[in-house]
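# Remarks on the overall topology
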Amino acid sequence: MSICAFALVASEFMPVSLLTPMATDLHVTEGMVGQGIAISGALAVLTSLFISGLVGTLDRKTLLLGLTAAMGLSGAIIALAPNYATYMLGRALIGVVIGGFWSMSAATAIRLVPTTEVPRALAIFNGGTALATVVAAPLGAYLGAVIGWRGAFFCLVPVALMTLAWQGFALPAMRTEKSADGRTDSVFQVFALFGRRSVAVGMAAGSVFFMGQFAMFTYVRPFLETVTRVQVPTLSLILLVVGIAGVIGTMLIGKVLQRGFYQTLIAISMLMAGISVALITFGSWMAVVVALLGLWGLTATAAPVGWWAWVAKTFPNDAEAGGGLFVAVVQMAIALGSTVGGLLFDHRGYQGTFIASTTLLLISAFLTWLTSRTGVAAKGQFTP
């Protein structure tokens, strides 16, 4: 599952490191290419809402294998895309995979390990995400310069095939039974939980966090090229720093969360908001930008571990449905964040995009504080 998360995140965010050459080749703006992340987010929303009910009692191992194969197909479609519409088709397909995989992640962890080990399993899953941030972005930028952006996307195909083979070997069968009333688990069964303030506010806090994160980070390459004025080799090194910092953050986040779950999530949002403001002020100072983006990677990559632990704790008996609902909310947030960020970048420059990111992250910090004051928080802190 960790390897699949690595391949999926590499596929999902490859456009971030190849935004400029893709825009040039497809004859569109960088903002329009960035909206390829928005379309994948929109399809992820639809998939996460309906996949549990549509697949019924299908063995979850078979489902995960099918999603991994679709991930490889998406890479091939994008690599061979003759125009913008075909590129968006490939992005839509990866959106289906995103929604399916992440909505099943918490439920898969519950099936694979004892209950007490679920947060740790989710951290291992996210370890693949962190590793992808190390390899995918800088390697994508480098490959884009050496073999072109199409070649970089095509390199995802053998990675997906290797992942498919390893999943087939390593994962056990994960059959799903119907409930006592004859129905399979459905995400819509969890909507009633929005009546609980803790769920509604927690979902809002998580969604606004991801909206703020991707409003800024989706457009970090054109910012570095036009403001910091870096070349591709330097760009790759900066993205590598961000990725390495992300791996370190993922390794450390478990212990930090044990000391203060909500306090950590609030601090992460506020720190990232400060980074966005600082990048506007010091954007032309190379050393400062590298340090700030390294700190961004340290916090932003680790944060999802905390939010998925919140999902597993909040929906212990409806993991697939709760996970699907959270994926839908977050992916909609990513779609909105990258779209708004792209529009602001095209029409108001990077300052507008970064200020919007700052605002959203501060709102997320406030909503996370409200979540900590609700009934779920009163039961005690989580222990990832």
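Computed from a predicted model, the values in this text were never measured in an experiment.

### Details of a nonpolar patch on the surface
Together, Leu237, Leu240, Ile244, Ile248, Met251, Leu252 and Val256 make up a nonpolar patch on the protein surface, roughly 640 Å² of accessible area in all. Of note, Leu237 is situated in helix H10 (residues 232–259). Judged by relative accessible area, which is 54%, Leu237 ranks as exposed.

### Focus on empty space enclosed by the protein
For the coordinates displayed, the defined rule picks out two cavities of 30 Å³ or more. Empty space within the largest cavity amounts to approximately 580 Å³. In terms of lining residues, the largest cavity is bounded by 31 residues, among which Val9, Phe13, Thr129, Gln213 and Phe214 are the most central. At the level of elements, helix H1 (2–26), helix H5 (118–146), helix H8 (197–217), H10, helix H12 (286–300), helix H13 (303–314) and helix H14 (319–372) are the ones that each hand at least two residues to the lining of the largest cavity. Taken together, the residues of the lining of the largest cavity sort by class into 21 nonpolar, nine polar and one charged. Approximately 30 Å³ is the volume found for the second largest cavity. In terms of lining residues, the second largest cavity is bounded by Ser11, Met71, Ser74, Gly75, Ile78, Arg91, Ile94, Phe153 and Leu156. Tallying contributions element by element places helix H3 (residues 60–79) first for the lining of the second largest cavity, with four residues. Broken down by class, the residue content of the lining of the second largest cavity amounts to five nonpolar, three polar and one charged.

### Some words on the packing of aromatic side chains
Two measures describe an aromatic ring pair: the distance that separates the ring centres and the angle between the ring planes. Scanning all chains against the criterion turns up 14 aromatic pairs. Summarising the aromatic geometry, the rings of Phe282 and Trp285 are spaced 5.9 Å apart at their centres and angled 75° between planes, so their arrangement reads as edge-to-face. For Trp285, a relative accessible area of 51% gives the class exposed. The structure contains a cluster of three or more aromatic residues connected by ring pairs, namely Phe223, Tyr350 and Phe354.

### Thoughts on the environment of Gly140
With respect to the secondary-structure elements, Gly140 resides in helix H5. On the accessibility criterion, Gly140 (1% relative accessible area) is buried. With 124 residues separating them along the chain, Gly140 and Val16 place their C-alpha atoms 9.0 Å apart. If near-sequence neighbours (up to four positions away) are discounted, Gly140 is found in contact with Met14, Ser17, Leu18, Val135 and Ala152.

### Regarding the packing of helix H11 (residues 261–282) against H12
Where H11 meets H12, the closest approach of the two axes is 10 Å, and the angle between their N-to-C directions is 160°. Here H11 lies roughly antiparallel to H12, going by the angle between them. Relative to H12, the crossing made by H11 is left-handed. Between H11, through Ile268, Leu271, Met272, Ile275, Ser276, Ala278, Leu279 and Phe282, and H12, the contact on the second element is made entirely by Val288, Val289, Leu292, Leu293, Leu295, Trp296, Thr299 and Ala300. Among the residues making up the contact of H11 with H12, the classes are represented as 14 nonpolar, two polar and no charged.

### Points about the pattern of salt bridges
Tallying each qualifying case throughout the model produces two salt bridges. In this structure, Arg150 engages Asp25 in a salt bridge whose closest nitrogen and oxygen atoms are separated by 3.2 Å. Linking Arg150 in helix H6 (residues 148–154) with Asp25 in helix H1, this pair joins segments that are 125 residues apart in sequence. Residue class for Arg150 comes out partly exposed when judged on its relative accessible area of 26%. Residue class for Asp25 comes out partly exposed when judged on its relative accessible area of 35%. Across the pair Arg221 and Glu225 runs a salt bridge, and its minimum N-O distance is 2.9 Å. Pair noted here: Arg221 and Glu225 are both in helix H9 (residues 220–228), with a separation of four residues, about one helical turn.

### Describing the confidence of the model for the chain
Of the residues in the chain, 88% reach a pLDDT of 70 or more, and the chain-wide mean stands at 81. Here residues 375–384 is modelled with pLDDT under 50, and outside its nearest four sequence neighbours on either side it reaches 25 contacts, counting other chains as well.

### What about H1?
The largest bend in H1 comes to about 85°, at Leu18, with the proline Pro21 one to four residues further on. When you tally the buried positions in H1, you get 20 out of 25 residues, the bulk of the element. Phi turns positive, to about 60°, at His27, one or two residues after H1.

### With respect to the packing of H10 against H12
As a packed pair, H10 and H12 sit with axes 7 Å apart at the nearest point and diverge in direction by 35°. Read as a crossing pair, H10 and H12 show a hand that is right-handed. Facing H10, whose interface residues are Thr234, Ile238, Val241, Val242, Ala245, Gly246, Ile248 and Gly249, H12 presents Met286, Val290, Leu293, Gly294, Gly297 and Leu298. When the residues that make up the contact of H10 with H12 are grouped by side-chain class, the tally is nine nonpolar, five polar and no charged.

### Thoughts on the nonpolar core
Ranked by size, the top nonpolar core spans 119 residues in total, and within it Tyr87, Trp102, Phe153, Leu224, Leu279 and Phe326 carry the most contacts. Here Phe326 is in contact with Met203, Phe210, Trp307, Trp308, Trp310 and Val311, once residues within four sequence places are set aside.

### A closer look at unusual backbone geometry
If you check the backbone angles, His27 has positive phi at about 60° while not being a glycine. We classify His27 as exposed; its relative accessible area is 70%. Positive phi is not limited to glycine here, since Arg229 has a value of about 60°. Checked against the element boundaries, Arg229 lands in the loop between H9 and H10. Judged by its relative accessible area of 64%, Arg229 falls in the exposed class.

The rules behind each value
- Residues numbered from 1 in each chain as written.
- Predicted model: local features only at pLDDT ≥ 70, side-chain atom pairs only at ≥ 80, totals over all residues.
- Heavy atoms only, no water.
- Patch = residues over 30% accessible without salt bridge, like charges linked within 9 Å, V, L, I, M, F, W, Y side chains within 5 Å.
- Areas by Shrake-Rupley, 256 points an atom, 1.4 Å probe, with all protein chains shown as cover.
- Salt bridge = Lys/Arg side-chain N within 4 Å of Asp/Glu carboxyl O.
- Helix = DSSP H or I, 4+ residues; strand = E, 2+ residues; numbered from the N terminus.
- Buried < 20%, exposed > 50% of the residue type's maximum accessible area, 1.4 Å probe, protein only.
- 1 Å grid on protein atoms, 1.4 Å probe; cavity = no way out; pocket = protein on both sides within 12 Å on 5 of 7 lines; lining within 4 Å.
- Points joined across faces, edges and corners; volume = space filled by probe spheres on them.
- Nonpolar A, V, L, I, M, F, W, Y, C, P; charged D, E, K, R; others polar.
- Phe/Tyr/Trp six-rings, centres within 6.5 Å; stacked < 30°, edge-to-face > 60°.
- Contact = heavy atoms within 4.5 Å.
- Axes fitted to C-alpha atoms, helices over the stretch in contact; angles between N-to-C directions.
- Parallel < 35°, antiparallel > 145°, perpendicular 65-115°, else oblique.
- Left-handed = near helix turned anticlockwise from the far one by under 90°.
- pLDDT = per-residue confidence, 0-100.
- Bend = angle between axes of the 7 residues up to and from the residue.
- Core = buried A, V, L, I, M, F, W, Y, C linked by side-chain atoms within 4.5 Å.

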